[in-house]
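Report on the structure
Here is what each chain is made of, one letter per residue.
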Amino acid sequence: MNKSQLGWCDFWADYRNQSVARVTSVQKNLYKALNYEGEIICHLPGKFTYGAVSKSDYPTVGDWVELSPLFIDENGSKAALIHRVLPRKTKISRVEPGSGSTEEQLLAANIDYVFIVCSINQDLSINRMQRYILLAKSGGAKPVLLISKVDLVKDYLQIVKEIQAHFSNDVILPISVELNLGLERLNQYLEKGKTIVVVGSSGVGKSTLVNYLLGENKQLVSAIRESDGKGRHTTTSRELLIISNGAILIDSPGLREVHILGDGSAIEDIFSSIADMSTKCRFSNCTHNSEPGCAISIALELGDIEHSDYANYQKMKKELEYSNRKIDKKMAANSKKKWKKINTDMKKRRKFESENF
């Protein structure tokens, strides 16, 4: 496959003469990638690991990487070493799950659209949707909110209308793979060379949607449990796949936690009505608590802004500031540790050379 078929564009024009490939899957320290040579098994040399400051420096699915000359590994497969990760055009990432984690976890890179799948027959959470949309917009990708399994609910249009009231600036599409409902509207995003990542909680129908888009039963699908109306988790790792029409698809496992990370301006875009209203306060430094002439307080009293949305807005702003601050401190500490080790190693080398040569 040529580079344009794999999503290459002018963003990487400075690297057009390099030997590159696109990462399709990650298994611990083993990477698979595609280029005109076909599938390549990629390894990280010690030099790469030595220079990494954080986990986000390592390749993820969707990354373009610069490769060494090819060789045949012990399994008879085409292989190469990864010299470096090319700059990312876009990404989707979150704070790594776990108590007290201060690492960024990349979910996918160089994507154009994020299909956020939410099942209508589960406990729909506006807060969760807002978090997924924030991850997409913070990384520079366009979110598309897919309300799945609408065949299971009679009044789904009313539910979708209520959801849309919270996301005036975003695309929301009700779909049912079972009834082939709303799926034709996805075609506008399935462009040749464009990359889509499918995300959502476990059991919302991501694998069913991926199979439909691929036109084959590539991903296992589990039946819905009668006890709670949820599907079972089936996807276990992220993988980049090519659709027959030339679009590129990244499937991902269900996310139990969506700890937000990214650009604060994305929050203002998601909660645009709140952001716009705050500019109408009498005082420019209004805290929206008890100040006279506070437009936010008035809007809350009149019902122009929902209390739940405003609570989510405040909570997400505080969480985002906290996450970014913690990760920045961790990266600074890792960078300091890295350069301290480099300086120590250089001193040892100079001492060895002075004593032996």
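Above this note sits the structure.
Small disclaimer: the values here were computed from a predicted structure and weren't measured. (Residues numbered from 1 in each chain as written. Predicted model: local features only at pLDDT ≥ 70, side-chain atom pairs only at ≥ 80, totals over all residues. Heavy atoms only, no water.)

1. Overview of the pattern of salt bridges
How we decide: Salt bridge criterion: a side-chain nitrogen from Lys or Arg within 4 Å of a carboxyl oxygen from Asp or Glu. By definition, any uninterrupted DSSP run of H or I lasting at least four residues is a helix, any uninterrupted run of E lasting at least two residues is a strand, and each is numbered from the N terminus. Here's how the labels work: a residue is buried when its accessible area is under 20% of the maximum for its type, exposed when over 50%, partly exposed in between, all with a 1.4 Å probe on protein chains only.
Enumeration according to the criterion identifies nine salt bridges in this entry. Salt-bridge contacts for Lys-91 lead to Glu-104; the nearest nitrogen and oxygen are separated by 2.7 Å. Here Glu-104 lies in strand 8 (residues 104-109) and Lys-91 lies in strand 7 (residues 91-95), a separation of 13 residues in the sequence. When its relative accessible area of 29% is taken as the criterion, Lys-91 is described as partly exposed. On the accessibility criterion, Glu-104 (11% relative accessible area) is buried. Across the pair Glu-319 and Arg-131 runs a salt bridge whose closest N-O atoms are separated by 2.6 Å. Pair noted here: Glu-319 is in helix 8 (residues 307-356) and Arg-131 is in helix 2 (residues 126-138), with a separation of 188 residues, a long-range link. Three or more residues joined by partner-sharing salt bridges are found here, namely Lys-137, Asp-170 and Asp-269.

2. Some points on the layout of surface pockets
Picture a little ball the size of a water molecule; that probe, rolled over the atoms, points out where space is still empty. Worth spelling out the cut-off: Buriedness of a pocket was judged along seven lines, with at least five required to meet protein on both sides within 12 Å; pockets are open sets of points on a 1 Å grid over the protein atoms alone, cavities are sets where a 1.4 Å probe fits but cannot get out, and lining residues have an atom within 4 Å of a point. Grid points are joined across faces, edges and corners, and a volume is the space filled by probe spheres set on the points. In the scheme used here, Gly and all other residues not listed as nonpolar or charged are polar, with Ala, Val, Leu, Ile, Met, Phe, Trp, Tyr, Cys and Pro taken as nonpolar and Asp, Glu, Lys and Arg as charged.
Approximately 510 Å³ is the volume attributed to the largest pocket. With three residues, strand 8 is the largest single contributor of residues to the lining of the largest pocket. Of the residues belonging to the lining of the largest pocket, the class tally is seven nonpolar, six polar and five charged.

3. Focus: the pairing of strand 4 (residues 64-67)
For clarity, the cut-off: Here a strand pair is declared whenever DSSP counts at least two bridges between the two strands.
The alternating pattern of strand 4 places Trp-64 and Glu-66 on one face and Val-65 and Leu-67 on the opposite face, and all of these are buried. In this sheet, strand 4 lies alongside strand 1 (residues 20-27) in antiparallel orientation, the contact comprising three bridges. When the bridges of strand 4 are listed, Arg-22 appears paired with Trp-64. Alignment of strand 4 against strand 6 (residues 78-85), held across three bridges, turns out to be antiparallel. Paired with Val-65 across the strands is Val-85, a residue of strand 6.

4. Quick look at the pairing of strand 6
Pairing of strand 3 (residues 38-43) with strand 6, which is carried by three bridges, proceeds in the parallel orientation. Paired with His-43 across the bridge in strand 6 is Leu-81. Where strand 5 (residues 71-72) lies against strand 6, two bridges are found, and the strand directions are antiparallel. Among the inter-strand pairings, Ile-72 is bridged to a residue of strand 6, identified as Lys-78. Linking two consecutive strands that pair antiparallel, namely strand 5 and strand 6, is a turn of five residues; a positive phi of about 80 degrees is found at Gly-76 within it.

5. Some remarks on the packing of aromatic side chains
For clarity, the threshold we go by: Classification of ring pairs uses Phe, Tyr and Trp, with its six-membered ring standing for Trp, and accepts pairs whose centres are within 6.5 Å; under 30 degrees between planes counts as stacked, over 60 as edge-to-face, and the remaining range as tilted. By definition here, charges over rings are those cases where NZ of Lys or CZ of Arg is within 6 Å of the ring centre and within 35 degrees of the ring normal.
Scanning all chains against the criterion turns up nine aromatic pairs. Considering the side-chain rings of Trp-8 and Trp-64, the 5.0 Å spacing of their centres and the 85 degrees angle between planes classify their relative orientation as edge-to-face. Of this pair, Trp-8 sits in the segment before strand 1 while Trp-64 is found in strand 4, placing the two residues 56 residues apart along the sequence. Look at Trp-8 and you get buried, because its relative accessible area is 15%. Relative to Trp-64, the ring of Trp-12 has its centre 6.1 Å away and its plane inclined at 50 degrees; by these criteria the two rings are tilted. Note that Trp-12 is positioned in the segment before strand 1 and Trp-64 in strand 4, a separation of 52 residues in sequence. A relative accessible area of 1% means that Trp-64 is categorised as buried. Aromatic rings pair up to connect Trp-8, Phe-11, Trp-12 and Trp-64 into one cluster. The positively charged end of Lys-3 is found above the aromatic ring belonging to Trp-8, 4.2 Å away from the centroid.

6. Notes on the side chain of Thr-60
Quick note on the threshold: Residue contacts follow a heavy-atom distance rule, with two residues in contact if any of their heavy atoms lie within 4.5 Å.
Of note, Thr-60 is situated in the loop between helix 1 (46-51) and strand 4. Once you skip the residues sitting within four places of it in the chain, Thr-60 turns out to touch Val-23, Val-26, Arg-88, Leu-106, Leu-107, Ala-108 and Ala-109.

In short, geometric facts, not functional conclusions.
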